[in-house]
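Residue strings, one per chain:
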Amino acid sequence: MSVGRTGPFLEPCAVLSRRRCLPMPGEVLLEIGDRVLGDTVVARAPGRGELHAVNAVRALDILPAELPAALVVKVGDRVEAGAPLARTRGLWGLFRAVCRAPVAGTVAAVSAHTGRVLLEEPAMAHEVRAFLPGVVTAVEPGRGVTVAGWAARAAGVFGVGDERSGPLLPVVGRPDATLDAAQIGSDVAGCVLLGGAVVTADALTRAAALGAHGVITGGIRDVDLASWLGCETVLADTTGLSPPLTLVVIGGFGRVPMDAETFALLHRFAGRRACVVGRTRVRASAERPEVIVPLSPEPETTPSPPAPASTLRVGSRVLVVSRPWFGLHGRVGRLPAEPCRIETGARCLVAEVDLANGRTVRVPRANLEILADPEREVGP
Amino acid sequence: MDRDAVNLPAGLSPEDDRDLARLARGIAERGLTAPAIVALSCLKPAAFLGGQALRFIAPLLTTAAGGRDWDRFAQLLEVRGSVERLLAHLEALPLALAEREPRPIPAGSAYVIVDCGSTTTKAVLLAHREGRYRLAGRAEAPTTVEAPVEDVMVGVRAALRLLQDQTGHVILADDGTGLAAARGPAAGVGAFLATSSAGGGLQMLVVGLVRAMTAASAERAALGAGAIVIDVVAWNDDEDASSRLRRLRRCRPDMVLLAGGADDGAVTQVVALAELLVAADLRPRWGDGPLPVVFAGNRHAAPAVIATFGERAEVAVAANLRPDLETERLQPVRRVLHDVFLRHVMARAPGYPDLQRLCTAPVVPTPAAFGEALDLLADSQGGQAVAVDLGGATCDVFSVRDGQVFRSVSANLGLSFSLGAVCQRAGWGNVARWLPFAVDEGDLRDRVRNKMIRPTTLPQTPEDLLLEQAAAREALRLALLDHDRALQPLRGGRDGPTGVDALLEPESPPTGVSWPAVRLLLGSGGPLAHAPARRQAAAILIDACRPEGVTELAVDSVFVLPHLGVLRQVDADAAAVVLAADAIVGLGTCIAPVGDRPAPANALLADVSIADAQGGGDPVTLILHGGELIRVALDAGEERQVEVAPRAGWDFGAGPGRAVQALVRGGEAGLVLDGRGRELPWPAAELDRRTLARSWLAALSALPEGMSA
């Protein structure tokens, strides 16, 4: 199976579990059994303020060795913007040079070697929120918690943008439709928009300008993504990008109709609160985007861990993620045990897939993603 | 590894030198290499005082030499130049020996070696059969160093269990956690070794005073130690201190290498660099302890640097890597880096202390082990060797010249995760130029992004395969340019301007790999090792690297070079045997003219005569013209005696107009005569370009199946 989306790819109703931890040691604010909403702060760590190196000796035109005598602050002092950090005595109290703090902050260090005064701006505490409404099922002291709760989930393969939430607003009526700027009304502020096969750069720009929180789409053309972001995504790592809305791509690059079940499920939840996260990192400690729709009522009992991802077997519903059948769905008809030769001449393990269009094709197993079965129960 | 030429000082006899080598070994076997190198480097300027120097290292000597040889060594160290020779011997010792005495290995017992990669942990079994070691099995399991498992040993044990099941060789002890003791060649484990690049490998921040001098030397030292350099910060960078601090704060390295200042040079700025690092409050990637810092700068600054860091970092001091402007000494700092890697980084990474306890010799960073294996290959081939390891995120280039391994890492030149960076840096047009079909740039971009986000998918259509191989050519081309830049002569060194002039001098053109002297070009990594046809791997290597003279081509077919590199620590003979027999697949040999001289179409370049290796039968003769690419079938295991008689002053490795004779080996690509010239003659017209690209692939029989010539 392809290492693409983190499975299961579509969960109409499941107990989801999410580890919510600080990147550095801090304080955990909750205990096992505590109930949380999406915006509940679960852990907090002191942040680090922006650093400013002030070249005091240059400002005063003195030597580094003369700085200690000129300082009017000491390490640990808090200063306001414009407050003096050091001053020379001048001549009979006249012609005194003053070095002032460019920002408010704390004196973090003074270098006797370079004559610089280091100021650290007030730090914002680093907070982690629950994101998923539910119950705290585990606590990692000093780091964070695990939260579990009932929800529907659709996995994305690529995305960009932070954790956001808002009412789900279907903008197109079909999974193979294009989401363009003309379809976006003026009342999308705070909403997560549901598109179809592809979204244009203009649509993303308009959605962001109107205050939409997210866009979900089957595909996006790379030229549109680059045009909207104003930069190329040259690495499969978007964790450093913070666009004004969160984009979740379900299928991939190009025009990729959203699979019918995902589209139908999300469409059914129109108006309900959807949580989206777009950050994607394909390498080690992988992160993939997802759409979560919290479901109610929440169970009174301790939720069970999520079911493991499916394995490929005869009858599995699959999405082909390589050409020439990229984006097509089907069912596995046969799984030859021995490696087979494919069109490139390479030998690999394959699956014979009966595509929805009636054709049977042979696809490397590495190029298949297993989809949820539509017969599966949907609720509550 | 660095090796010194054996030019003994006047007062030292070869026997004296052997005794100094014995002393070095004694020091290394007791794990005292790093302190000894530092102590000896510091007292070197005072070595004329002879025996006085001995007082400084008396504790080391007492431990390493024992009472019996004390007098002899004391006498030896009074000879002028002996300290330098002792340093040279210490630096030339293999890493494992330098760290600790290997455990005894029962003769003929099996070796099990694991490479903990960022995605998979690959385990191999080498068994002693019919008098020599052979690769007896290979298995892999997902690496488990990161969340949710966070214990590298889970993946290691899974891989070992699979290996045991596949081979029937008992590897794991009954309790399932330890290793079964060796019981002859057929059961148990005689030596267990490991390499690691898991969790992103050894990630290092390099800090120096002058970017083109100490920072560049420090970067070379870090790369040579197998590190991924996440950033290089230099005092003379064109940015203000606040921006530099912000940049530093974004880093979460495994360790910092701080260099700067010649031993008679700047102290203030070096200490200021330490202050900068303290102010940035860097945090190590693993664990919550203090950050390991290796200081390899002006030795007079060491006490102040240590004092500046205080409790904020664990500072290890190595000998200055640029003791003066004309000298670069990387081996001592590499050794300290390796020591810190083992004692601090490995000790903090999840599960690594357990892995290290199981190992017969220290865990080695994977790239360093790969370099060791290439050095072994170059030894056996004679001449220089170049290896390119094209991965999903990075491309490593190694070159071995005169026994020294040089490594460069092109951090974002890979064929999955960073495929977009390859296309952006090369230019989309330069990727597309290798394709024998028309492609729309928008479509090309979408195909590339889809591979990036689903990195394990396989190209299923011939077009997608050719696209992957086109990107491989460009990634290798760019990585070799990076490698050439890394091999620039020392700025401020003997080969270049010195002092202030060195800083003002524009960067000299890359000198890099000397291709005519390269005898072996080795490809590693998925796109090369797993190309559907080996001829395609050969075509990629020839097109991207543009070898000159006579060059044998090969691929690392089963990804065991790191395994064999680390095995070299304990059994170099076995490593060499398995390398030749099981690891390397010869692709054939390429013969091409030397130099940048354009080869106009139809110009006569050389007469080529190909005869039976034993001299029997009539030779086949060919004429190589400019622009031509000729493949002569020559199967694996076959050899031919080839004579190339250049026309009109062309040079094929023996000098302009001089004939070259060579015994060449075959492979799936056979013998390739490449008359296209180093700069390929790309036509301007799109249709002509496509036709030419197709003709080159066809000439090497490298078109994918189902795509006609």
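All values reported here derive from a predicted model rather than from experimental measurement. Counting of residues starts from 1 at the beginning of each chain's written sequence and follows it residue by residue. Both sets of labels track the order of writing: A upward for chains, 1 upward for ligands. In keeping with the model being predicted, local features are shown solely for residues with a pLDDT of at least 70 and side-chain atom pairs are shown and tallied solely at 80 or more, while totals for entire chains, interfaces and linings include all residues.

### Description of the domain arrangement of chain A
Right, on to step 1. According to the domain assignment, chain A contains domain 1 (51-120), domain 2 (163-288) and domain 3 (317-370).
Right, on to step 2. The split into domains, and so the bounds of each, comes from an automatic or database assignment of domains. Between domain 1 of chain A and domain 3 of chain A, the C-alpha centre-to-centre distance is 69 Å.

### Concerning the environment of L355(A)
All names here are of chain A.
Right, on to step 1. One can find L355 in strand β27 (residues 350-355).
Right, on to step 2. In this structure, the C-alpha to C-alpha distance between L355 and L328, residues 27 residues apart in sequence, is 7.0 Å.
Right, on to step 3. We call two residues in contact when their backbone-placed C-beta atoms lie within 7 Å. Once residues lying within four places of it in the same chain are set aside, the contact partners of L355 are W325, L328, G330 and V361. Helix and strand labels come from DSSP, where a helix needs a run of H or I of at least four residues and a strand needs a run of E of at least two; each type is numbered from the N terminus.

### Quick look at the packing of helix α13 (residues 366-381) of chain B against helix α22 (residues 572-583) of chain B
All names here are of chain B.
Right, on to step 1. Between N-to-C directions, angles span 0 to 180 degrees; the directions come from axes that are lines fitted to C-alpha atoms, helices contributing only their stretch in contact. As a packed pair, α13 and α22 sit with axes 10 Å apart at the nearest point and diverge in direction by 80°. In terms of orientation, α13 and α22 fall into the roughly perpendicular class. Only A572, A575, A576, L579 and A580 of α22 make contact with α13, whose side of the interface consists of A373, L376, L377 and S380.
Right, on to step 2. Residue type decides the class: Asp, Glu, Lys and Arg count as charged, Ala, Val, Leu, Ile, Met, Phe, Trp, Tyr, Cys and Pro as nonpolar, and the leftover types, Gly among them, as polar. For the contact of α13 with α22, the residue count by class is eight nonpolar, one polar and no charged. Angular relationships are summarised with four words: roughly parallel below 35 degrees, roughly antiparallel beyond 145, roughly perpendicular across 65 to 115, and oblique for the angles in between.

### Digging into the sheet that holds strand β8 (residues 291-295) of chain B
Residues and elements named next belong to chain B.
Right, on to step 1. Only strands that DSSP links by at least two bridges are regarded as paired with each other. With parallel pairing, the five strands of this open sheet are ordered in space as β6-β5-β7-β8-β9. Where the open sheet ends on each side, the last strands, each with one partner, are β6 (227-234) and β9 (313-317). Neighbour-to-neighbour, the strand axes of the sheet open up by a mean angle of 25°, direction not taken into account.
Right, on to step 2. Where strand β5 (residues 202-208) lies against β6, seven bridges are found, and the strand directions are parallel. Bridge assignment links L202 to a residue of β6, and that residue is A227.
Right, on to step 3. Here helix α10 (residues 302-309) sits on the sheet in contact with β8 and β9, set at roughly 165° to β9.
Right, on to step 4. The strands touched by helix α11 (residues 331-348) are β5, β7 (255-258), β8 and β9; relative to β8, the strand with the most contacts, the crossing angle is about 165°.

### A closer look at unusual backbone geometry
Right, on to step 1. The omega angle of the peptide bond from R323(A) to P324(A) is 10°, so this bond is cis rather than trans.
Right, on to step 2. The backbone of D281(B) shows a phi angle near 55°, a positive value even though the residue is not glycine.
Right, on to step 3. Along the polypeptide, D281(B) turns up in the loop between α9 (268-280) and β8.
Right, on to step 4. Every C-beta atom is placed from the backbone, and the number of other C-beta atoms within 10 Å of a residue's own sets its class: buried at 20 or more, exposed at 12 or fewer, partly exposed in between. Overall, D281(B) belongs to the partly exposed group, with 15 C-beta atoms counted inside 10 Å.

### What to know about the pairing of strand β15 (residues 549-556) of chain B
All names here are of chain B.
Right, on to step 1. Most of β15 is tucked away: eight of the eight residues are buried.
Right, on to step 2. As judged from the four bridges shared by strand β14 (residues 518-524) and β15, these two strands associate in the parallel manner. Paired with L522 across the two strands is A554, which belongs to β15.
Right, on to step 3. Two elements, β15 and strand β16 (residues 584-592), share eight bridges in a ladder whose sense is antiparallel. If you follow E552 over to β16, its bridge partner there is T589.

### Overview of the interface of chain B and chain A
Right, on to step 1. Contacts between the two partners involve 48 residues from chain B and, on the opposite side, 47 residues from chain A.
Right, on to step 2. Counting only elements with at least two residues in the side of chain B that touches chain A, the list comes to α8 (241-249), α9, α14 (419-426), α16 (441-453) and α17 (462-486) of chain B.
Right, on to step 3. With seven residues, the single largest contributor to the side of chain B that touches chain A is α16(B).
Right, on to step 4. Taken together, the residues of the side of chain B that touches chain A break down into 19 nonpolar, 16 polar and 13 charged.

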